[in-house]
Amino acid sequence: MAAGLFTNDPIIAQNFFLEIDGAVISSLTSVTGLDIEVAVSTTRQAGAGGVAEAIKAMGTRTLAPEITLVRVAPLDSPSDKMWKWFNDVRGTGLKATDRAGMRKNGSIVLYDSAKTEVARFNFFSAWPSRIATDGLSVDSSEVVKESITLQCERLERVK
């Protein structure tokens, strides 16, 4: 390894929280889907005499991500902010007259061991499409967790 190749400590993926509209609303046990991706379209072009063929790839649009959050299931779901948001969407749907009101902006924020923010993924116009509770078993002594799926229009890593 070359001297000076690593000048900073790496980000450790164990301290992260969910913010919605600027307020921390939940601690999380895992997150997947922090994918920022551009769709690819290919085109073929014939060369001189129609024999040679060149294939070109072009970026067409940014794909909308689906973020999955896992957290410890709350004891009191009626007072939980995530459950309230999900139930509001489930109860009325994303009506054309109030789509903006049901969609929220938020962040997945990562911290180092000194509780300093080291990375931030901002998502925009998101809404919860699914909450799934872990399977239950009388043989288990595991904490009950739930997975929450957020549909987003855009995701950006800003830090």
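The name that an unreviewed UniProt entry assigns to the protein chain is Phage tail protein, with the source organism given as Sanguibacter biliveldensis.

### Considerations on the overall build of the protein chain
From N to C terminus, the protein chain includes two helices and 10 strands. If you list the helices and strands of the protein chain from N to C, you get β-β-β-β-β-β-α-α-β-β-β-β. For 159 residues, the compact-globule formula gives about 15 Å, and the C-alpha radius of gyration of the protein chain, at 21 Å, lies well above that figure. The C-alpha extent of the protein chain, read off along each of the three principal axes, is 70 × 55 × 40 Å.

### Let's talk about the environment of T133
Mapping T133 onto the fold places it in strand β8 (residues 117-133). The residues contacting T133, other than those within four sequence positions of it, are V144, K145 and E146.

### Notes on the layout of surface pockets
Each pocket or cavity is described by its volume, and for the largest pocket that value is around 190 Å³. Around the largest pocket sit D9, P10, I11, I12, Q14, N15, Y111, D112, S113, A114 and V118, which together line it. When grouped by side-chain class, the residues that make up the lining of the largest pocket number six nonpolar, three polar and two charged.

### Describing the side chain of R71
Mapped onto the elements of the fold, R71 is located in strand β6 (residues 66-72). Of note is the side chain of R71, whose polar atom sits 2.7 Å from the side chain of E146. Discounting residues that sit within four places of it in the chain, R71 has contacts with S26, S27, L28, T29, D80, M82, W83, V144, K145, E146 and I148.

About the cut-offs
- Note on numbering: residues in each chain are counted from 1, in written sequence order.
- It should be noted that, the model being predicted, local features are given only for residues of pLDDT at least 70 and side-chain atom pairs only at 80 or more, the latter also being counted only at that level, while totals for whole chains, interfaces and linings use all residues.
- Water and hydrogen atoms were dropped before computing side-chain values, which therefore reflect all heavy atoms in the structure.
- A run of DSSP states H or I qualifies as a helix once it reaches four residues; a run of E qualifies as a strand once it reaches two. Both are numbered from the N-terminal end.
- Taken over C-alpha atoms, the radius of gyration is set against a globule rule of 2.2 Å times the number of residues to the power 0.38.
- The contact criterion used throughout is that any non-hydrogen atoms of two residues lie within 4.5 Å.
- Cavities and pockets are defined on a 1 Å grid built over the protein atoms alone: a cavity is a set of grid points where a 1.4 Å probe fits but cannot escape, while a pocket is an open set with protein on both sides within 12 Å along at least five of seven lines, and lining residues are those with an atom within 4 Å of any such point.
- Grid points are joined across faces, edges and corners, and a volume is the space filled by probe spheres set on the points.
- Residues were grouped as follows: Ala, Val, Leu, Ile, Met, Phe, Trp, Tyr, Cys and Pro as nonpolar; Asp, Glu, Lys and Arg as charged; and all remaining residues, including Gly, as polar.
- Polar contact is the term for a pair of N or O atoms within 3.5 Å; when the atoms are in protein, one must be able to donate a hydrogen and the other to accept it, and sequence-neighboring residues count only if both atoms are side-chain atoms.

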